Amino acid sequence: MSFNSFDVLVIGAGAAGLYTALCLPAHFQVGLMTKDQISRSASDWAQGGIAAVVDPQDSTDLHLEDTLKAGAGLCDYEAVKFLVENAAECIHNLVEMGVAFDRQGSNLALTLEAAHSRRRVLHAADTTGRAVVTTLAEQVLSRKNIHIVSQAFVLDLWLDSAQICQGVSVIYEGQVHWVRAGAVILATGGGGQVFAQTTNPAVSTGDGVAIAHRSGAILRDLEFVQFHPTALTQPGAPRFLISEAVRGEGAHLVDRLGHRFAFDYHPAGELAPRDVVSRAIFSHLQKTETDPALANVWLDLRPIAPETIRHRFPNIIQVCQRWGINVFEEPIPVAPAAHYWMGGIKADLLNRTSISGLYAVGETASTGVHGANRLASNSLLECLVFGAQLKHLELDGRSISSSYPQGVAATDSSALPVAQFVASDLEKIRLLRIELPKLVWQGAGICREQKVLWEAIAQLHLWQQEFAQLSLTQSLLNLSPCQPLKFDAPDADDQLRAWGELYNLLDIADLILRSAAYRTESRGGHYRSDFPQSNLEWQVHTMVQGDPLRVTRRDRWWKAPLKRDEG
């Protein structure tokens, strides 16, 4: 098989990618590329809802104020204003498409979530993301101008001599292809899989941020990661969130000895703020467990009356039962988990990045709406509001549908150069994929400290050097533009995807660790135990660009040091 060209290529099929594809002008031939299947995304896992002002008792000014407050001084005012003022229109569009939001009578049902001053969160039971993504996917499948390419892994951007994005290189059916496009839109979601504990699905490996970084795009605020304190940690189970409401009803957090340790860290115990509870669990595991990156505590619901549990938490009961846990008889194993990445590719209100022809939408992007800490239920909203902006996309003469056929076309692959897998490469990839998330969790998890950060950076750079020496890396990264390559193995796609995801995870680990080491204060989703207070001088964005990595705040750029004694 061989790819040809599209007017616009959208990478990622979560809420951001699907809605973007639907909003693009209908005369464009659109390629929607996903490394998995449609609906395998963090959007599909979203349990909460979508925040929007649809109640006369609410106002966009209040939504704006709540978002700015949550962002801890780093939100972009104009971006937030744009987000909240365009929210209602996007909700109307979803309803018109058929998203079955819960209702109270004839009105949309609204719930109150943490840090919102009004009830403004729309929901579809506790599977809002799935309801939205399913509806969007059905719409995409009905559009004749949208061509879906599944099981395709994007390696890197393809820039021309003027550094304008003209497409991507991609692994598909065991071959490397070069796909031309008038515009490339990255909607690949977050990078939670770089942490040992995450609520993100397996596909969330920071692909968009990594490939944009390698092409020289400006990235922003990569140190800010939101952690949820209580995610299910049963072996084999997804990191299902156990709501704060459970603790509000009286559930206890206990360690393996049954001790309610949260009171050792804060007078409010289990009812302390989310970030405080996360740090309490993290710190306690550091003190009491030999492998804290993979350890857990327990959430005991038995102090709650059984009838209250049945009435308030039927879905939690069901999910836990699915994984062999009876919440009426035993506690739930839980641990904090990386949940949402506030940082990403710097993008403006039209989703334009610093690279001409390249756009970013959703969690992959840093538009300024989340600042240092995302307000609950603003993430799906961002996907919609900013995805809708692509209706204004103009290709400025870069449209190529008139001169290039669309989609995937058969070709004779017998003459392509063939590369082989080396068993030692595959084993190294497997081992690094296991060890890397542990390293990042310890170094740049909930509590960060300079010495540990630099030790993690030093180890990471050794692993990056080992990865660069793999024969598979040499084969894939030394290709010239338009040079094809194929791999002759029945599981070639799986092996190549494992290599590609590790390639991206190594890069975003480096970006997160060094950004966290650079910001010597605590703010929002970034907590430094050696700098536990916020500092007004740090009420600025951090931006990184290039290799070697450069970091900036305000208008000055520095090369980020590779060792503790540099710079």
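Residues numbered from 1 in each chain as written. Predicted model: local features only at pLDDT ≥ 70, side-chain atom pairs only at ≥ 80, totals over all residues. Heavy atoms only, no water.

### What about unusual backbone geometry?
A positive phi angle, close to 60 degrees, is found at Gln-151, a residue other than glycine. Among the structural elements, Gln-151 can be located in the loop between strand S8 (146–149) and strand S9 (152–159). Here Gln-163, not a glycine, exhibits a phi torsion of approximately 65 degrees, which is positive. One can find Gln-163 in the loop between S9 and strand S10 (165–172). (Helix = DSSP H or I, 4+ residues; strand = E, 2+ residues; numbered from the N terminus.)

### Quick notes on helix H3 (residues 60–70)
All of the buried residues along H3 are His-63, Leu-64, Asp-66, Thr-67 and Ala-70. One side of H3 carries all its buried residues, which in axial view fall inside an arc of 165 degrees. Along H3, the residues that are exposed and aim more than 90 degrees away from the buried face are Asp-61, Glu-65 and Lys-69. Buried residues in H3 make contact with strand S4 (50–51), helix H4 (77–85) and helix H12 (379–388). Ala-72 lies just past H3 and shows a positive phi near 55 degrees. (Buried < 20%, exposed > 50% of the residue type's maximum accessible area, 1.4 Å probe, protein only. Arc of directions from axis to C-beta. Contact = heavy atoms within 4.5 Å.)

### Here's the deal with the pattern of salt bridges
Applying the stated rule across the entire model yields 24 salt bridges. For Asp-36, the salt bridge identified is with Arg-497, shortest N-O distance 3.2 Å. Here Asp-36, found in the loop between strand S3 (30–33) and helix H2 (42–45), pairs with Arg-497, found in helix H16 (residues 492–518); they are 461 residues apart in sequence, far enough to count as distant. In this structure, Glu-427 engages Arg-430 in a salt bridge whose closest nitrogen and oxygen atoms are separated by 2.7 Å. With Glu-427 and Arg-430 both in helix H13 (residues 423–444) and 3 residues apart, this pair spans about one turn of that helix. One network of salt bridges, with partners in common, ties together Lys-35, Asp-36, Asp-207, Arg-433, Arg-497 and Glu-501. (Salt bridge = Lys/Arg side-chain N within 4 Å of Asp/Glu carboxyl O.)

### So, the nonpolar core
Ranked by size, the top nonpolar core spans 83 residues in total, and within it Leu-9, Met-33, Leu-157, Val-184, Phe-195, Leu-436 and Leu-476 carry the most contacts. Top contributing element to this core by residue count: H16, with 14 residues. Beyond its immediate chain neighbours, meaning those up to four positions away, Leu-157 contacts Cys-165, Gly-167, Val-168, Val-184, Ile-211, Ala-212, Ser-215, Ile-355 and Leu-358. Membership of the second largest hydrophobic core comes to 54 residues, among which are Phe-28, Phe-101, Leu-136 and Tyr-359. (Core = buried A, V, L, I, M, F, W, Y, C linked by side-chain atoms within 4.5 Å.)

### Some points on H12
Since the α-helix packs 3.6 residues into each turn, any two residues three or four apart lie on the same face. The buried fraction of H12 amounts to 10 of the 10 residues, a majority that puts the element mostly inside the structure. Those residues of H12 not exposed but buried are Ser-379, Leu-380, Leu-381, Glu-382, Cys-383, Leu-384, Val-385, Phe-386, Gly-387 and Ala-388.

### Overview of the packing of H3 against H4
Close contact between H3 and H4 brings their axes to 9 Å; oriented N to C, the two are set at 135 degrees. It follows from the interaxial angle that H3 and H4 lie oblique. Considering how the two elements wind past one another, H3 and H4 form a crossing that is right-handed. Counted together, Thr-60, His-63, Leu-64, Thr-67 and Leu-68 of H3 and Tyr-77, Val-80, Lys-81, Val-84 and Glu-85 of H4 form the full contact between these two elements. Taken together, the residues that form the contact of H3 with H4 break down as 5 nonpolar, 3 polar and 2 charged. (Axes fitted to C-alpha atoms, helices over the stretch in contact; angles between N-to-C directions. Parallel < 35°, antiparallel > 145°, perpendicular 65-115°, else oblique. Left-handed = near helix turned anticlockwise from the far one by under 90°. Nonpolar A, V, L, I, M, F, W, Y, C, P; charged D, E, K, R; others polar.)

### Thoughts on the confidence of the model for the chain
Confidence along the chain averages 88 in pLDDT terms, with 90% of residues attaining 70 or more. In the predicted structure, residues 42–46 sits below a pLDDT of 50 and forms 22 contacts with residues beyond four places in sequence or in another chain. (pLDDT = per-residue confidence, 0-100.)

### Some thoughts on the pairing of strand S2 (residues 5–11)
With 7 of 7 residues buried, S2 is to be regarded as a mostly interior element. Bridge count between S2 and strand S11 (residues 175–186): 6 bridges; the pairing is parallel. For Val-10, the partnering residue across the bridge sits in S11 and is Ile-185. Bridge count between S2 and S3: 4 bridges; the pairing is parallel. Residue pairing for S3: Val-10 is matched across the bridge by Leu-32. In this fold, the crossover linking S2 to S3 by way of helix H1 (residues 15–23) has right-handed handedness. (Pairing = 2+ DSSP bridges. Right-handed = clockwise from strand over helix to strand, strands pointing away.)

### A few points about the side chain of Thr-135
Here Thr-135 is to be found in helix H6 (residues 128–141). Look past the residues within four positions of Thr-135 in its chain and what remains in contact with it is Met-97, Gly-98 and Val-99.

### Section: the sheet that holds strand S14 (residues 252–254)
The strand order across the open sheet built from 4 strands is S13-S16-S15-S14, with neighbouring strands paired in antiparallel fashion. One side of each edge strand has no neighbouring strand; the edge strands of this open sheet are strand S13 (225–232) and S14. Averaged over neighbouring strand pairs, the angle between their axes works out to 40 degrees when direction is ignored. One ladder, built from 3 bridges, connects strand S15 (residues 297–300) with strand S16 (residues 332–341); its direction is antiparallel. The residue of S16 that forms the bridge with Val-297 is Val-334.

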